[in-house]
Amino acid sequence: MPEAVIVSTARSPIGRAFKGSLKDLRPDDITATIIQAALAKVPELDPRDIEDLMLGCGLPGGEQGSNLGRIVAVQMGMDHLPGTTITRYCSSSLQTTRMALHAIKAGEGDVFISAGVEMVSRFVKGNSDSLPDTHNPLFADAEARTAEVAASEGASWHDPREDGIVPDPYIAMGQTAENLARLKGVTRQDMDEFGVRSQNLAEEAIKNGFWEREITPVTTPDGTVVSKDDGPRAGVTLEGVQGLKPVFRPDGLVTAGNCCPLNDGAAAVVIMSDTKARELGLTPLARVVSTGVTGLSPEIMGLGPVEASKQALGRAGLTVDDIDLFEINEAFAAQVIPSYRDLNIPLEKLNVNGGAIAVGHPFGMTGARITGTLINSLQFHDKQFGLETMCVGGGQGMAMVIERLS
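From a predicted model like this one, the values you see are computed outputs, not experimental measurements.

(A) Geometry of the packing of aromatic side chains. What the rule picks out here adds up to five aromatic pairs. Between F139 and Y170 the ring centres are 5.7 Å apart and the planes differ by 85°, which places this aromatic pair in the edge-to-face class. Of this pair, F139 sits in the loop between strand 5 (111–119) and helix 4 (140–151) while Y170 sits in the loop between helix 4 and helix 5 (173–184), placing them 31 residues apart in sequence. Residues F210 and W211 carry aromatic rings whose centres are separated by 5.0 Å and whose planes lie at 80° to one another, so their mutual orientation is edge-to-face. F210 sits in the buried class, given a relative accessible area of 0%. Each member of the aromatic cluster is reached from another via a ring pair, and the members are F210, W211 and F380.

The following block contains the structure:
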(Lines give C-alpha, C1' and ligand atoms only; values in the text may rest on other atoms or scores of the structure.)
Protein backbone atom coordinates (compact mmCIF):
# COMPACT_ATOMS: atom_id res chain seq x y z
CA MET A 1 0.00 0.00 0.00
CA PRO A 2 1.46 3.41 -0.92
CA GLU A 3 2.34 5.96 1.73
CA ALA A 4 1.16 9.57 1.56
CA VAL A 5 3.99 12.09 1.74
CA ILE A 6 4.07 15.88 1.82
CA VAL A 7 6.48 17.40 -0.69
CA SER A 8 5.78 21.11 -0.26
CA THR A 9 3.85 23.63 1.80
CA ALA A 10 3.16 27.33 1.54
CA ARG A 11 1.15 29.88 3.44
CA SER A 12 0.34 33.55 3.30
CA PRO A 13 0.94 35.94 6.15
CA ILE A 14 -2.07 36.04 8.47
CA GLY A 15 -3.93 39.35 8.59
CA ARG A 16 -6.27 40.78 11.17
CA ALA A 17 -9.83 40.76 9.87
CA PHE A 18 -11.49 44.01 8.76
CA LYS A 19 -8.58 46.27 9.70
CA GLY A 20 -5.51 44.23 8.84
CA SER A 21 -3.02 43.92 6.01
CA LEU A 22 -4.98 41.44 3.84
CA LYS A 23 -8.51 42.88 4.16
CA ASP A 24 -8.65 44.02 0.51
CA LEU A 25 -7.66 40.65 -1.00
CA ARG A 26 -10.27 38.30 -2.42
CA PRO A 27 -10.22 34.70 -1.11
CA ASP A 28 -9.87 33.21 -4.59
CA ASP A 29 -6.97 35.50 -5.45
CA ILE A 30 -4.96 34.78 -2.31
CA THR A 31 -5.66 31.04 -2.58
CA ALA A 32 -4.41 30.92 -6.16
CA THR A 33 -1.25 32.79 -5.15
CA ILE A 34 -0.47 30.39 -2.32
CA ILE A 35 -1.20 27.21 -4.28
CA GLN A 36 1.04 28.44 -7.09
CA ALA A 37 3.76 29.12 -4.52
CA ALA A 38 3.47 25.57 -3.18
CA LEU A 39 3.63 24.11 -6.70
CA ALA A 40 6.63 26.28 -7.60
CA LYS A 41 8.60 24.41 -4.93
CA VAL A 42 8.05 21.18 -6.89
CA PRO A 43 9.17 22.05 -10.44
CA GLU A 44 9.57 18.34 -11.23
CA LEU A 45 5.80 17.88 -10.96
CA ASP A 46 3.72 18.05 -14.14
CA PRO A 47 0.53 19.91 -13.13
CA ARG A 48 -1.48 17.54 -15.30
CA ASP A 49 -0.60 14.75 -12.90
CA ILE A 50 -2.53 16.42 -10.07
CA GLU A 51 -5.72 14.46 -9.45
CA ASP A 52 -7.76 17.00 -7.47
CA LEU A 53 -7.65 20.35 -5.71
CA MET A 54 -9.38 20.02 -2.36
CA LEU A 55 -9.94 23.32 -0.61
CA GLY A 56 -10.98 23.74 3.02
CA CYS A 57 -13.13 26.74 3.93
CA GLY A 58 -14.75 27.08 7.32
CA LEU A 59 -17.64 29.31 6.30
CA PRO A 60 -18.13 29.16 2.53
CA GLY A 61 -20.38 31.85 1.10
CA GLY A 62 -20.22 35.18 -0.68
CA GLU A 63 -16.79 35.51 -2.27
CA GLN A 64 -15.91 32.17 -0.63
CA GLY A 65 -18.93 30.46 -2.18
CA SER A 66 -19.76 28.70 -5.46
CA ASN A 67 -17.22 25.88 -5.03
CA LEU A 68 -14.15 28.05 -4.55
CA GLY A 69 -11.84 25.08 -5.12
CA ARG A 70 -12.93 24.71 -8.73
CA ILE A 71 -12.94 28.47 -9.28
CA VAL A 72 -9.31 28.66 -8.17
CA ALA A 73 -8.30 25.79 -10.47
CA VAL A 74 -9.75 27.60 -13.47
CA GLN A 75 -8.31 30.92 -12.28
CA MET A 76 -4.83 29.33 -12.30
CA GLY A 77 -5.32 28.17 -15.90
CA MET A 78 -5.68 24.52 -14.89
CA ASP A 79 -8.97 23.69 -16.59
CA HIS A 80 -8.15 19.99 -16.39
CA LEU A 81 -7.98 20.08 -12.59
CA PRO A 82 -11.18 19.28 -10.70
CA GLY A 83 -11.81 21.16 -7.49
CA THR A 84 -13.98 20.78 -4.42
CA THR A 85 -14.66 22.92 -1.37
CA ILE A 86 -14.97 21.25 2.04
CA THR A 87 -16.05 22.59 5.39
CA ARG A 88 -15.28 21.04 8.73
CA TYR A 89 -15.01 24.48 10.29
CA CYS A 90 -11.64 24.91 12.03
CA SER A 91 -10.21 21.67 10.63
CA SER A 92 -11.40 22.13 7.05
CA SER A 93 -7.94 21.99 5.47
CA LEU A 94 -6.84 19.15 7.72
CA GLN A 95 -9.88 17.29 6.42
CA THR A 96 -8.72 17.88 2.83
CA THR A 97 -5.30 16.43 3.68
CA ARG A 98 -7.07 13.45 5.22
CA MET A 99 -9.05 13.01 2.00
CA ALA A 100 -5.82 13.04 -0.01
CA LEU A 101 -4.34 10.46 2.38
CA HIS A 102 -7.34 8.19 1.89
CA ALA A 103 -7.30 8.52 -1.90
CA ILE A 104 -3.60 7.70 -2.05
CA LYS A 105 -4.00 4.72 0.28
CA ALA A 106 -6.90 3.48 -1.87
CA GLY A 107 -4.81 3.73 -5.03
CA GLU A 108 -7.12 6.35 -6.57
CA GLY A 109 -4.47 8.91 -7.43
CA ASP A 110 -0.90 9.93 -6.78
CA VAL A 111 -0.91 13.73 -6.42
CA PHE A 112 -3.30 16.10 -4.66
CA ILE A 113 -3.43 19.69 -3.53
CA SER A 114 -4.82 20.22 -0.04
CA ALA A 115 -5.42 23.90 0.62
CA GLY A 116 -7.37 26.14 2.93
CA VAL A 117 -8.61 29.71 3.04
CA GLU A 118 -10.63 32.03 5.23
CA MET A 119 -10.99 35.74 4.56
CA VAL A 120 -13.18 36.92 7.40
CA SER A 121 -12.81 40.48 6.14
CA ARG A 122 -14.69 39.47 3.01
CA PHE A 123 -17.66 37.78 4.68
CA VAL A 124 -21.09 38.84 3.44
CA LYS A 125 -21.94 42.05 5.25
CA GLY A 126 -25.39 43.17 6.26
CA ASN A 127 -27.70 43.92 9.13
CA SER A 128 -28.12 40.62 10.97
CA ASP A 129 -31.56 41.72 12.11
CA SER A 130 -32.71 41.71 8.51
CA LEU A 131 -31.35 38.25 7.72
CA PRO A 132 -33.57 35.17 8.06
CA ASP A 133 -33.12 32.91 11.08
CA THR A 134 -31.80 29.66 9.61
CA HIS A 135 -31.44 27.78 12.91
CA ASN A 136 -33.47 24.62 13.30
CA PRO A 137 -36.07 25.27 16.02
CA LEU A 138 -35.16 21.88 17.51
CA PHE A 139 -32.29 23.69 19.23
CA ALA A 140 -34.26 26.69 20.50
CA ASP A 141 -34.28 25.44 24.10
CA ALA A 142 -30.50 25.04 24.06
CA GLU A 143 -30.05 28.53 22.61
CA ALA A 144 -32.26 29.99 25.32
CA ARG A 145 -30.31 28.07 27.96
CA THR A 146 -27.03 29.41 26.59
CA ALA A 147 -28.32 32.97 26.78
CA GLU A 148 -29.48 32.41 30.35
CA VAL A 149 -26.14 30.96 31.44
CA ALA A 150 -24.23 33.73 29.68
CA ALA A 151 -26.16 36.40 31.57
CA SER A 152 -25.86 34.73 34.98
CA GLU A 153 -23.12 35.11 37.55
CA GLY A 154 -20.72 32.21 38.05
CA ALA A 155 -22.83 29.63 36.22
CA SER A 156 -21.14 26.28 35.67
CA TRP A 157 -21.72 24.00 32.71
CA HIS A 158 -23.48 20.67 32.86
CA ASP A 159 -24.69 18.45 30.06
CA PRO A 160 -27.97 19.88 28.72
CA ARG A 161 -29.16 16.37 27.89
CA GLU A 162 -29.47 15.81 31.63
CA ASP A 163 -32.32 18.35 31.45
CA GLY A 164 -33.80 16.80 28.32
CA ILE A 165 -32.35 19.54 26.10
CA VAL A 166 -30.61 18.81 22.79
CA PRO A 167 -27.16 20.55 22.84
CA ASP A 168 -26.79 23.65 20.69
CA PRO A 169 -24.66 23.05 17.54
CA TYR A 170 -24.96 26.76 16.72
CA ILE A 171 -23.49 27.91 20.02
CA ALA A 172 -20.94 30.72 19.81
CA MET A 173 -17.40 29.43 20.22
CA GLY A 174 -16.66 31.91 22.99
CA GLN A 175 -19.50 30.47 25.05
CA THR A 176 -18.07 26.97 24.61
CA ALA A 177 -14.74 28.24 25.94
CA GLU A 178 -16.43 29.69 29.02
CA ASN A 179 -18.30 26.41 29.54
CA LEU A 180 -15.13 24.36 29.29
CA ALA A 181 -13.11 26.61 31.59
CA ARG A 182 -15.69 26.15 34.33
CA LEU A 183 -16.13 22.43 33.69
CA LYS A 184 -12.38 21.74 33.85
CA GLY A 185 -11.40 24.27 36.50
CA VAL A 186 -9.29 26.50 34.24
CA THR A 187 -8.71 29.87 35.91
CA ARG A 188 -8.36 33.34 34.41
CA GLN A 189 -4.74 33.30 35.64
CA ASP A 190 -4.09 30.03 33.77
CA MET A 191 -5.56 31.47 30.60
CA ASP A 192 -3.75 34.79 30.77
CA GLU A 193 -0.42 33.08 31.43
CA PHE A 194 -0.96 30.85 28.41
CA GLY A 195 -1.90 33.80 26.21
CA VAL A 196 1.25 35.65 27.22
CA ARG A 197 3.29 32.50 26.57
CA SER A 198 1.92 32.33 23.02
CA GLN A 199 2.80 35.93 22.29
CA ASN A 200 6.25 35.74 23.85
CA LEU A 201 7.15 32.53 22.00
CA ALA A 202 5.91 33.95 18.70
CA GLU A 203 7.99 37.08 19.30
CA GLU A 204 11.07 34.96 19.89
CA ALA A 205 10.31 32.88 16.78
CA ILE A 206 10.15 36.05 14.70
CA LYS A 207 13.57 37.09 16.00
CA ASN A 208 15.15 33.72 15.17
CA GLY A 209 13.66 33.64 11.66
CA PHE A 210 11.30 30.72 12.24
CA TRP A 211 8.13 32.23 10.80
CA GLU A 212 9.95 33.78 7.86
CA ARG A 213 10.85 30.27 6.69
CA GLU A 214 7.22 29.36 5.97
CA ILE A 215 5.57 32.62 4.87
CA THR A 216 5.03 33.48 1.21
CA PRO A 217 4.70 37.26 0.76
CA VAL A 218 1.54 38.43 -0.99
CA THR A 219 0.74 41.66 -2.80
CA THR A 220 -2.43 43.59 -2.03
CA PRO A 221 -4.46 45.43 -4.70
CA ASP A 222 -2.70 48.73 -3.90
CA GLY A 223 0.71 47.13 -4.53
CA THR A 224 1.73 46.66 -0.90
CA VAL A 225 3.82 43.55 -0.28
CA VAL A 226 2.85 41.83 2.98
CA SER A 227 5.41 39.41 4.40
CA LYS A 228 4.64 39.23 8.13
CA ASP A 229 1.73 38.13 10.29
CA ASP A 230 -0.28 40.97 11.79
CA GLY A 231 -0.96 39.29 15.13
CA PRO A 232 2.23 38.76 17.16
CA ARG A 233 2.94 41.60 19.57
CA ALA A 234 6.28 42.44 21.13
CA GLY A 235 6.67 42.77 24.87
CA VAL A 236 3.34 41.32 25.98
CA THR A 237 3.23 40.95 29.76
CA LEU A 238 0.95 39.22 32.21
CA GLU A 239 0.22 42.53 33.90
CA GLY A 240 -0.93 43.95 30.59
CA VAL A 241 -3.40 41.20 29.71
CA GLN A 242 -4.79 40.90 33.23
CA GLY A 243 -6.43 44.28 32.81
CA LEU A 244 -8.51 43.20 29.78
CA LYS A 245 -12.25 42.82 30.17
CA PRO A 246 -14.23 39.62 29.46
CA VAL A 247 -15.65 39.34 25.95
CA PHE A 248 -18.52 36.84 26.16
CA ARG A 249 -19.94 36.98 29.70
CA PRO A 250 -20.10 39.72 32.35
CA ASP A 251 -18.16 37.53 34.77
CA GLY A 252 -16.35 35.64 32.02
CA LEU A 253 -12.77 34.44 31.75
CA VAL A 254 -12.20 34.78 28.00
CA THR A 255 -10.59 38.04 26.90
CA ALA A 256 -8.86 39.35 23.80
CA GLY A 257 -5.58 38.43 25.47
CA ASN A 258 -6.26 34.71 25.87
CA CYS A 259 -8.06 33.79 22.64
CA CYS A 260 -7.37 34.07 18.95
CA PRO A 261 -8.58 37.08 16.92
CA LEU A 262 -10.54 37.01 13.66
CA ASN A 263 -8.24 36.58 10.69
CA ASP A 264 -7.57 36.33 6.96
CA GLY A 265 -5.19 33.95 5.20
CA ALA A 266 -4.56 30.93 2.97
CA ALA A 267 -2.28 27.88 3.00
CA ALA A 268 -1.54 24.90 0.75
CA VAL A 269 0.04 21.45 0.96
CA VAL A 270 1.16 19.30 -1.98
CA ILE A 271 0.72 15.65 -1.04
CA MET A 272 1.57 12.59 -3.15
CA SER A 273 2.28 8.89 -2.98
CA ASP A 274 5.77 7.86 -1.97
CA THR A 275 6.05 5.95 -5.24
CA LYS A 276 5.34 9.12 -7.24
CA ALA A 277 7.83 11.06 -5.14
CA ARG A 278 10.53 8.49 -5.89
CA GLU A 279 9.64 8.54 -9.58
CA LEU A 280 10.16 12.31 -9.61
CA GLY A 281 13.37 12.09 -7.59
CA LEU A 282 11.87 14.10 -4.72
CA THR A 283 12.84 13.96 -1.06
CA PRO A 284 9.57 14.37 0.84
CA LEU A 285 9.29 16.71 3.79
CA ALA A 286 7.11 14.40 5.84
CA ARG A 287 4.96 11.28 5.87
CA VAL A 288 1.34 11.36 6.95
CA VAL A 289 1.23 8.58 9.52
CA SER A 290 -2.40 8.68 10.67
CA THR A 291 -5.42 10.88 11.28
CA GLY A 292 -8.43 10.87 13.55
CA VAL A 293 -11.71 12.72 13.92
CA THR A 294 -14.15 12.48 16.83
CA GLY A 295 -17.26 14.15 18.21
CA LEU A 296 -18.48 15.44 21.58
CA SER A 297 -21.08 17.85 22.94
CA PRO A 298 -21.09 21.06 20.86
CA GLU A 299 -21.19 23.04 24.09
CA ILE A 300 -17.71 21.89 25.15
CA MET A 301 -16.23 21.49 21.69
CA GLY A 302 -12.86 22.78 22.89
CA LEU A 303 -12.02 19.40 24.41
CA GLY A 304 -12.15 17.82 20.95
CA PRO A 305 -8.35 17.41 20.60
CA VAL A 306 -8.25 14.85 23.41
CA GLU A 307 -10.11 11.92 21.86
CA ALA A 308 -9.06 12.82 18.30
CA SER A 309 -5.40 12.75 19.33
CA LYS A 310 -5.83 9.43 21.13
CA GLN A 311 -7.46 8.01 18.01
CA ALA A 312 -4.68 9.21 15.68
CA LEU A 313 -1.96 8.02 18.05
CA GLY A 314 -3.62 4.62 18.40
CA ARG A 315 -3.80 4.19 14.64
CA ALA A 316 -0.13 5.14 14.38
CA GLY A 317 0.87 2.68 17.10
CA LEU A 318 2.39 5.57 19.06
CA THR A 319 1.89 7.23 22.43
CA VAL A 320 2.20 10.81 23.63
CA ASP A 321 5.73 9.96 24.79
CA ASP A 322 6.72 9.10 21.20
CA ILE A 323 5.78 12.53 19.86
CA ASP A 324 8.50 15.17 19.79
CA LEU A 325 6.39 18.28 19.10
CA PHE A 326 2.68 19.05 19.42
CA GLU A 327 0.59 21.75 17.79
CA ILE A 328 -2.82 22.31 19.38
CA ASN A 329 -4.67 25.11 17.65
CA GLU A 330 -5.08 27.98 20.09
CA ALA A 331 -8.66 28.97 19.46
CA PHE A 332 -8.92 29.72 23.19
CA ALA A 333 -6.51 29.19 26.05
CA ALA A 334 -9.57 27.82 27.84
CA GLN A 335 -9.58 24.80 25.54
CA VAL A 336 -5.87 24.26 24.91
CA ILE A 337 -5.09 24.05 28.63
CA PRO A 338 -7.48 21.20 29.55
CA SER A 339 -6.66 19.44 26.27
CA TYR A 340 -2.93 19.28 26.87
CA ARG A 341 -3.45 18.46 30.54
CA ASP A 342 -5.81 15.59 29.80
CA LEU A 343 -3.39 14.22 27.20
CA ASN A 344 -0.39 14.63 29.54
CA ILE A 345 1.51 16.62 26.93
CA PRO A 346 4.66 18.26 28.36
CA LEU A 347 4.27 22.02 28.00
CA GLU A 348 7.81 22.32 26.68
CA LYS A 349 6.77 20.28 23.62
CA LEU A 350 3.59 22.25 22.90
CA ASN A 351 3.28 25.12 20.41
CA VAL A 352 6.94 25.93 20.91
CA ASN A 353 6.86 28.90 18.53
CA GLY A 354 3.59 30.34 19.78
CA GLY A 355 0.18 29.60 18.34
CA ALA A 356 -3.05 31.08 17.08
CA ILE A 357 -3.51 33.42 20.05
CA ALA A 358 -0.51 35.29 18.66
CA VAL A 359 -0.37 34.28 15.00
CA GLY A 360 -4.07 33.99 14.17
CA HIS A 361 -6.70 31.46 13.16
CA PRO A 362 -8.29 31.91 9.72
CA PHE A 363 -10.68 28.96 10.08
CA GLY A 364 -10.34 27.20 6.73
CA MET A 365 -6.62 27.95 6.51
CA THR A 366 -5.63 26.65 9.92
CA GLY A 367 -5.34 22.91 9.18
CA ALA A 368 -2.91 23.39 6.31
CA ARG A 369 -1.13 26.24 8.09
CA ILE A 370 -0.42 24.12 11.16
CA THR A 371 0.80 21.26 8.96
CA GLY A 372 3.39 23.58 7.43
CA THR A 373 4.29 25.03 10.82
CA LEU A 374 4.71 21.58 12.36
CA ILE A 375 7.00 20.44 9.55
CA ASN A 376 8.95 23.70 9.86
CA SER A 377 9.26 23.17 13.61
CA LEU A 378 10.38 19.55 13.30
CA GLN A 379 13.08 20.70 10.88
CA PHE A 380 14.06 23.76 12.90
CA HIS A 381 14.41 21.76 16.13
CA ASP A 382 15.69 18.57 14.43
CA LYS A 383 12.86 16.32 15.64
CA GLN A 384 11.05 13.35 14.06
CA PHE A 385 7.39 12.95 15.04
CA GLY A 386 4.74 15.63 15.35
CA LEU A 387 1.05 15.75 16.17
CA GLU A 388 -1.36 18.41 14.93
CA THR A 389 -4.78 18.73 16.52
CA MET A 390 -7.64 21.16 16.98
CA CYS A 391 -11.13 21.58 18.35
CA VAL A 392 -13.87 22.04 15.78
CA GLY A 393 -17.09 24.02 15.89
CA GLY A 394 -20.24 21.96 16.36
CA GLY A 395 -18.51 19.60 18.76
CA GLN A 396 -15.66 17.77 17.03
CA GLY A 397 -11.94 17.18 17.28
CA MET A 398 -9.41 16.31 14.60
CA ALA A 399 -5.77 15.21 14.69
CA MET A 400 -2.94 14.07 12.44
CA VAL A 401 0.41 12.44 13.17
CA ILE A 402 3.30 13.15 10.81
CA GLU A 403 6.87 11.92 10.57
CA ARG A 404 9.56 14.27 9.32
CA LEU A 405 11.57 12.80 6.44
CA SER A 406 13.90 15.68 5.53
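(B) The arrangement of the packing of helix 6 (residues 188–207) against helix 10 (residues 333–343) in detail. Axis separation between helix 6 and helix 10 bottoms out at 9 Å; the angle between their running directions is 95°. When the axis of helix 6 is compared with that of helix 10, the two are roughly perpendicular. Of helix 10, the residues touching helix 6 (which contributes D190, M191 and F194) are A333, A334, V336, I337, Y340 and R341. In terms of residue class, the contact of helix 6 with helix 10 is built from seven nonpolar, no polar and two charged.

(C) Up close: helix 2 (residues 68–75). Residues L68, G69, V72 and A73 constitute the buried set of helix 2. End-on view of helix 2: buried residues confined to an arc of 140°, all on one side of the axis. Where helix 2 is buried, its residues touch helix 1 (27–40), strand 3 (52–56), strand 4 (83–86) and strand 5. Immediately downstream of helix 2, the backbone of G77 shows phi near 80°, a positive value.

The rules behind each value
- Residues numbered from 1 in each chain as written.
- Predicted model: local features only at pLDDT ≥ 70, side-chain atom pairs only at ≥ 80, totals over all residues.
- Heavy atoms only, no water.
- Phe/Tyr/Trp six-rings, centres within 6.5 Å; stacked < 30°, edge-to-face > 60°.
- Helix = DSSP H or I, 4+ residues; strand = E, 2+ residues; numbered from the N terminus.
- Buried < 20%, exposed > 50% of the residue type's maximum accessible area, 1.4 Å probe, protein only.
- Axes fitted to C-alpha atoms, helices over the stretch in contact; angles between N-to-C directions.
- Parallel < 35°, antiparallel > 145°, perpendicular 65-115°, else oblique.
- Contact = heavy atoms within 4.5 Å.
- Nonpolar A, V, L, I, M, F, W, Y, C, P; charged D, E, K, R; others polar.
- Arc of directions from axis to C-beta.

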